[in-house]
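Coordinate inspection notes
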Amino acid sequence: MEATYKNAPISFTSQGTGNPLVLLHGFLESKEIWQDFVVELSAKRQVICIDLPGHGESGNFAEVHTMADMAKAVKSVLDELDIQQASFAGHSMGGYVSLEFQNIFPTILNSLVLVNSTPQADSEKRKANRDRAATLVLKNKRAFVSMAMSNLLTPENNKIFKSQIDILKKRALQFSSTGIYAAIKGMKIRTDHTELFAKFQGQKIVVAGKNDPVLKYNTIKNLAKRCNSKFYSLPDGHLSFLENQIELREILHLID
Ligand code: MLT
């Protein structure tokens, strides 16, 4: 199914009925990462999986896809489905988009789940890394995708999950370089939403991986505490939907 935002197609799936849950993938991913979760979840509720701009089958509409534009693209899907209230779970960049969605549309979210994600903005060091990544992706998408994806897991899990990672890489290689670039630049300038997350009155859950190479476990744990969020600790890396699928599935079942 398709909605439109700024003349670009925004691809999504919707399964099940009642009490909508929106699942948002992370950087270099697509709605397919939720495939193994949707069957069970949609037996109880409506589950909407969206390809964020520049990812999967969704199009590009700007040189930089800000988190605000991504959030508005998500809203175009909710409008298409005539949804007024929903719960959100976002993996990594999908979490950044969920927080920005709450910022722009503060009356829609019931629950907000950050999976391997953070309400914090990028540090100066991380911003400099983004610029290097953006340059590399335009020069050599294949090298960038391969490196970026492998960096999300420990060397051991890169071996254990090799076939699944190869599928993720293959899918990401189909995204346009300009779409990947636009997301990198958008994440770089995202707003810090720690206070917004702290003030959010709905159900809130943070899920962190003990060996996440991207987000420091202890920092995320402390942030969750500071924001009065429920906190779930998983044993592996940044790709909980793959590395700790069974545990993550149980957590997603807890969403109101
Ligand atoms: C993601 O998985 O979405 C990215 O690692 C997020 C980021 O680069 O900050």
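Up top is the structure these notes are about.
Residues numbered from 1 in each chain as written. Predicted model: local features only at pLDDT ≥ 70, side-chain atom pairs only at ≥ 80, totals over all residues. Heavy atoms only, no water.

1. Thoughts on the environment of Glu-57
Inspection of the secondary structure assignment puts Glu-57 in the loop between β4 (47–50) and α2 (67–80). For the pair formed by Glu-57 and Arg-190, sequence separation is 133 residues and the distance between their alpha carbons is 23 Å. If we ignore the near neighbours within four places in the chain, the residues touching Glu-57 are Pro-9, Ser-11, Lys-31 and Asp-51. (Helix = DSSP H or I, 4+ residues; strand = E, 2+ residues; numbered from the N terminus. Contact = heavy atoms within 4.5 Å.)

2. Quick look at the packing of helix α4 (residues 124–139) against helix α8 (residues 177–188)
Relative to each other, α4 and α8 sit at 175°, their axes nearing to 9 Å. Relative to α8, the element α4 is oriented roughly antiparallel. The segment α4 lies against α8, with Lys-127, Arg-130, Asp-131, Ala-133, Ala-134, Val-137 and Leu-138 engaging Ser-177, Ile-180, Tyr-181, Ile-184, Lys-185, Met-187 and Lys-188. Residues belonging to the contact of α4 with α8 are distributed by class as follows: eight nonpolar, one polar and five charged. (Axes fitted to C-alpha atoms, helices over the stretch in contact; angles between N-to-C directions. Parallel < 35°, antiparallel > 145°, perpendicular 65-115°, else oblique. Nonpolar A, V, L, I, M, F, W, Y, C, P; charged D, E, K, R; others polar.)

3. Some words on helix α10 (residues 217–226)
Turning to α10, its buried residues are Tyr-217, Ile-220, Leu-223 and Ala-224. The buried residues of α10 occupy an angular sector of 130° when projected down its axis, which confines them to one face. Residues of α10 that are exposed and angled more than 90 degrees away from the buried face: Asn-218, Asn-222, Lys-225 and Arg-226. Close packing links the buried residues of α10 with α9 (194–199), β7 (203–209) and β8 (230–234). Phi turns positive one or two residues past the end of α10, at Asn-228, with a value near 60°. (Buried < 20%, exposed > 50% of the residue type's maximum accessible area, 1.4 Å probe, protein only. Arc of directions from axis to C-beta.)

4. Topic: the packing of aromatic side chains
Ring pairs (aromatic) are described by centroid distance and by the angle formed between their planes. This structure, assessed with the given rule, holds six aromatic pairs. When the ring of Trp-34 is compared with that of Phe-37, the centres are 5.7 Å apart and the planes differ by 70°; the resulting orientation is edge-to-face. Phe-37 matches Trp-34 in its accessibility class, with the two residues each being buried. Ring plane angle 50° and centroid distance 4.9 Å describe the contact between Phe-101 and Phe-105, whose orientation is recorded as tilted. (Phe/Tyr/Trp six-rings, centres within 6.5 Å; stacked < 30°, edge-to-face > 60°.)

5. Remarks on the sheet that holds strand β1 (residues 2–5)
What the eight strands build is an open sheet, ordered β1-β2-β4-β3-β5-β6-β7-β8; its pairing is mixed. The sheet is open, and its two borders are formed by β1 and β8, each paired with just one other strand. Direction aside, the axes of adjacent strands within the sheet are offset by 20° on average. Relative to β4, strand β3 (residues 21–24) is paired through four bridges, and the arrangement is parallel. Within the sheet, the bridge partner assigned to Leu-24 lies in β4 and is Ile-50. Helix-sheet contacts for α2 involve β1, β2 (8–15), β3, β4 and β5 (86–91), and the interaxial angle to β1 is about 135°. (Pairing = 2+ DSSP bridges.)

6. What to know about the pairing of β5
The buried fraction of β5 is high, at six of six residues. Of the two faces of β5, the one holding Ala-86, Phe-88 and Gly-90 and the one holding Ser-87, Ala-89 and His-91 are both buried throughout. Note that β3 and β5 share four bridges and pair parallel. Residue pairing across strands places Leu-21 opposite Ser-87, the latter belonging to β5.

7. Some words on the pairing of β8
Of the strand pairs in this sheet, β7 and β8 are connected by five bridges, and their pairing is parallel. Directly across from Gly-209, in β8, lies its bridge partner Leu-234. In terms of handedness, the path from β7 via α10 over to β8 forms a crossover that is right-handed. (Right-handed = clockwise from strand over helix to strand, strands pointing away.)

8. Focus on α8
Here α8 spans 17 Å end to end across twelve residues, near enough to the 16 Å set by a 1.5 Å rise per residue. Of all twelve residues making up α8, nine are buried, and the element is well covered by its neighbours. Residues Gly-179, Ile-180, Tyr-181, Ala-182, Ala-183, Ile-184, Lys-185, Gly-186 and Met-187 constitute the buried set of α8. Those residues of α8 that are buried lie in contact with α2, α3 (93–104), α4, α5 (141–150) and α7 (162–173). (Expected span 1.5 Å × (residues − 1).)

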